[in-house]
Amino acid sequence: MSQKTFGQALNDALTIAMEIDENVFIAGEGVGVSIHQDPNMATHGLLKKFGRKRVKDTPVSEAAIAGLAVGASCMGLRPVVEIMFFPFITLASDMLVNHAGKLGYMSGGKSSFPLTVRVKAGVGFGAGSQHSHNLESWIAHSPGLKIVWPATPEDAKGLLLTAIFDPDPVIVVEDMMLYRMSGEVPAGDIRTPLGKARMVTSGTDCTIVAYGVALYTVMKAFKPLSEQGISCEVIDLRSLVPLDKACILDSVRKTGRLVVVHEANRFCGFGAELAAMVAEEAFEALKGPVKRVGAPQIPVPTAPTHEKIFKPGPEDVVLAVRETMKK
Amino acid sequence: MKENQIVPDLQIRLYTSMILTRKFEEKIVALSQEPYRMPGMQILANGQEAVATGIVSALELEDVIISNHRSHGHLLARGADLNSLMAEIMVKDKGVNGGKAGTLHLSVPDLNVLMTSTVVGAGPPLAMGAAFAQQYKRAKGITVVFFGDGAAAEGSVHEAMNLAGVWKLPLLFVCENNCWAGAQRSEEHCAAQHIFQRAKGYDMPGQSVDGNDVEAVYNLALELVEYCRSGKGPALMEALTYRMRGHGEQDQQHYVDPGELAIWEAKCPIRLYRQKLLNDGVLNQAQIQTIDQDAETRVSAAVAFGDDSSYPGPETALTDVFVQPPSA
Ligand SMILES: Cc1ncc(C[n+]2csc(CCOP(=O)(O)OP(=O)(O)O)c2C)c(N)n1
Ligand SMILES: [Mg+2]
């Protein structure tokens with residue numbers, strides 16, 4: 001165990017993966033030589049350690065970067081490619097959605113695509129909607145693609161390592177707002193299983209599911225809620241596909257209530273899937289309406305005043321919980 | 001009509017436009033060192049002023065400009081109002097886009113600076129659509145799109161060039177080759193050294209120019225704009241220049257050879273042009289000083305204007321998504 005930042009934990013995972021498997025290589029815009037000189041960046045120092053054969057700076061060509069990953073993975077390599085900011089995954093989406101996610105199926109199981117796409121996400125750094133846009137629902141909606149979203153340094157390392165050695169395409173979303181956050185990270189090759197949520201607190205009145213940085217918004221709401229005598233069970237989802245249905249359903253069967261929190265737009269967001277799942281499979285357990293906390297249906301704004309309206313805050317979580325508690 | 005000869009009047013305008021851009025961006029540099037003064041990333045075109053000025057000065061107002069993340073020079077050369085531009089960069093409500101663009105997505109449709117995209121490589125297809133509309137409507141204007149050497153690697157740029165070539169659209173592609181895309185050198189991300197040579201593949205004229213020589217840029221732009229306007233089809237111009245500052249203001253350029261920076265510093269488009277105008281007797285020291293001083297005064301006034309306005313209020317956060325919002 002040692003203290004590491006989220007970014008260092010990612011760096012650690014990439015380093016270990018490259019050390020233990022010659023077939024792992026990384027590619028992307030500035031993954032080798034970067035404008036940043038920051039040890040909290042996931043790819044910091046890897047070029048020096050592993051050389052130009054395995055650390056590939058690419059042109060600004062997201063379709064080619066994703067295609068590189070699809071083609072090379074079909075040949076047995078384990079590409080780990082980076083999409084600089086989440087909205088730019090739209091440029092890579094043909095290769096990911098129509099190819100990485102479908103070719104295995106259409107080969108009748110003869111081909112596989114063990115690739116990893118790291119994508120940097122974040123709302124609230126003032127760059128506006130073309131640099132910030134959480135598109136996890138697009139990915140989750142596309143068959144054949146897995147998607148994970150770590151919230152702690154330990155999971156950043158464990159999920160990235162698992163993703164790299166998983167036989168399927170996995171998108172790993174990295175919250176930029178967490179890069180500098182520190183936490184205990186076990187040494188060596190650790191694997192966090194895909195499709196296993198993490199119980200953060202156990203409670204009896206209301207289940208709250210969140211992922212990524214939204215988890216911390218929830219934790220800020222936890223105290224005022226307990227002060228109001230509301231006992232919340234907080235679940236860090238960690239993996240959207242595969243989804244830990246059992247964990248959520250068991251919890252809702254216990255508490256009778258569900259609030260889902262994410263920074264993406266509420267409308268057609270991932271919370272809608274969880275709400276539908278609970279309505280279909282645990283309807284009899286519900287004591288109140290399922291509530292979703294997310295962004296309004298606008299592009300991510302630029303002005304700090306507008307960002308505040310966009311980003312769900314702890315008060316929104318408190319309100320949603322109280323509404324479903326009818327308190 | 002644009003002068004097709006370099007006359008003193010024009011020379012003074014070219015110089016004034018470049019120095020205004022330089023002073024404007026130098027002010028942004030200063031302000032972005034103060035905490036919370038300039039939200040977001042500040043991406044500046046220091047060293048590239050001659051490209052924006054030279055090209056935009058060769059356009060008519062009916063011509064459409066499509067810009068990218070390094071847009072300040074394009075807008076200023078077009079004559080965009082300094083106050084509302086600076087206020088927008090400060091993300092204030094009196095900004096030209098009401099505080100909804102910030103520095104990265106500035107557009108001034110009133111001046112036909114129709115769209116700005118910070119998605120690298122998005123400009124050319126957008127421009128292709130604008131040029132199609134011009135052809136469709138038999139309008140007099142053409143479209144000019146600015147993109148970088150890095151953007152030239154995006155598939156979208158190739159698609160736009162090909163289609164513009166097939167349909168003979170009135171579209172001038174301007175590649176500002178500033179030797180860098182982030183921390184990647186153009187030699188490392190461009191398979192062939194010269195981007196203008198790609199024109200051949202799309203059946204359009206392609207030429208390169210010294211992007212630090214404002215008159216050379218202007219002259220070539222005039223020639224290619226005329227070509228596009230005449231209905232012969234698109235053209236590609238590559239302006240060779242250099243990004244003097246980091247990619248954005250957080251970038252300390254640790255990967256840049258200081259010797260190379262010094263070489264390009266000596267080729268500063270503004271200093272060279274000032275010297276030329278002095279040598280040729282177009283302007284004297286005192287006149288230069290007046291122009292420079294005037295630029296500074298205008299920039300300071302713009303900052304004061306920005307300081308005087310507020311961040312946009314909550315009531316505008318949800319507007320402008322649709323022209324006709326669905327009834328809630
Ligand atoms: C599709 C996309 N990928 C990556 C980025 C991040 N990015 C912003 S500017 C830039 C470099 C662009 O280089 P170039 O086109 O040469 O323009 P310059 O910055 O040199 O003006 C990159 C990679 C982006 N904005 N859009
Ligand atoms: Mg460039």
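Our structure's up above, just so we're on the same page.
A. Broad picture of the overall build of chain A. Each helix and strand counted, chain A has twelve helices and 14 strands in total. Relative to the 2.2 N^0.38 estimate, which gives 20 Å for 327 residues, the radius of gyration of chain A is 19 Å and therefore close to what a compact globule would have. Counting only C-alpha atoms, chain A reaches 60 × 45 × 40 Å along its principal axes. Here chain A, with 327 residues, has 59% of them falling under the buried criterion. For chain A, contacts bridging at least 24 residues in sequence account for 84% of all contacts bridging at least 6. On chain A, roughly 12,500 Å² of surface is accessible, and the fraction owed to carbon and sulfur atoms is 57%. Charged side chains in chain A number 34 positive and 34 negative. The centres of these two groups are separated by 1 Å.

B. Looking closely at the pattern of salt bridges. Evaluation of the coordinates by the stated rule reveals 35 salt bridges over all chains. Of the charged contacts, one joins aspartate 236 of chain A and arginine 198 of chain A as a salt bridge, the two residues approaching to 3.1 Å between their closest N and O atoms. Pair noted here: aspartate 236 of chain A is in strand S11 (residues 232–236) and arginine 198 of chain A is in strand S9 (residues 198–201), with a separation of 38 residues, a long-range link. By relative accessible area, arginine 198 of chain A is classed as partly exposed at 25%. Aspartate 292 of chain B is the salt-bridge partner of arginine 274 of chain B, the closest N and O atoms lying 3.6 Å from each other. On the criterion of sequence distance, the pair formed by arginine 274 of chain B in helix H10 (residues 269–279) and aspartate 292 of chain B in helix H11 (residues 285–308) is long-range, its members being 18 residues apart. One network of salt bridges, with partners in common, ties together Glu82, Arg118, Lys120 and Glu174 of chain A.

C. Representation of unusual backbone geometry within the structure. Cis geometry marks the peptide bond from valine 241 of chain A to proline 242 of chain A; its omega dihedral reads -5 degrees. By the element assignment, proline 242 of chain A lies in the loop between strand S12 (239–241) and helix H9 (245–255). Backbone geometry places cysteine 179 of chain B, a non-glycine residue, at a positive phi of 75 degrees. Residue placement: cysteine 179 of chain B occurs in the loop between strand S4 (171–177) and strand S5 (180–181). With phi around 60 degrees, glutamine 253 of chain B is a residue other than glycine that occupies positive phi space. When you line up the elements, glutamine 253 of chain B lands in the loop between strand S8 (235–240) and helix H9 (258–266). Residue classification places glutamine 253 of chain B among the buried residues on the basis of a relative accessible area of 17%.

Cut-off values and rules
- Residues numbered from 1 in each chain as written.
- Chains lettered and ligands numbered in written order.
- Predicted model: local features only at pLDDT ≥ 70, side-chain atom pairs only at ≥ 80, totals over all residues.
- Heavy atoms only, no water.
- Helix = DSSP H or I, 4+ residues; strand = E, 2+ residues; numbered from the N terminus.
- Rg over C-alpha atoms; globule rule 2.2 N^0.38 Å.
- Buried < 20%, exposed > 50% of the residue type's maximum accessible area, 1.4 Å probe, protein only.
- Contact = heavy atoms within 4.5 Å.
- Areas by Shrake-Rupley, 256 points an atom, 1.4 Å probe, with all protein chains shown as cover.
- Lys, Arg positive; Asp, Glu negative; His and termini not counted.
- Charge placed at Lys NZ, Arg CZ, Asp CG, Glu CD.
- Salt bridge = Lys/Arg side-chain N within 4 Å of Asp/Glu carboxyl O.

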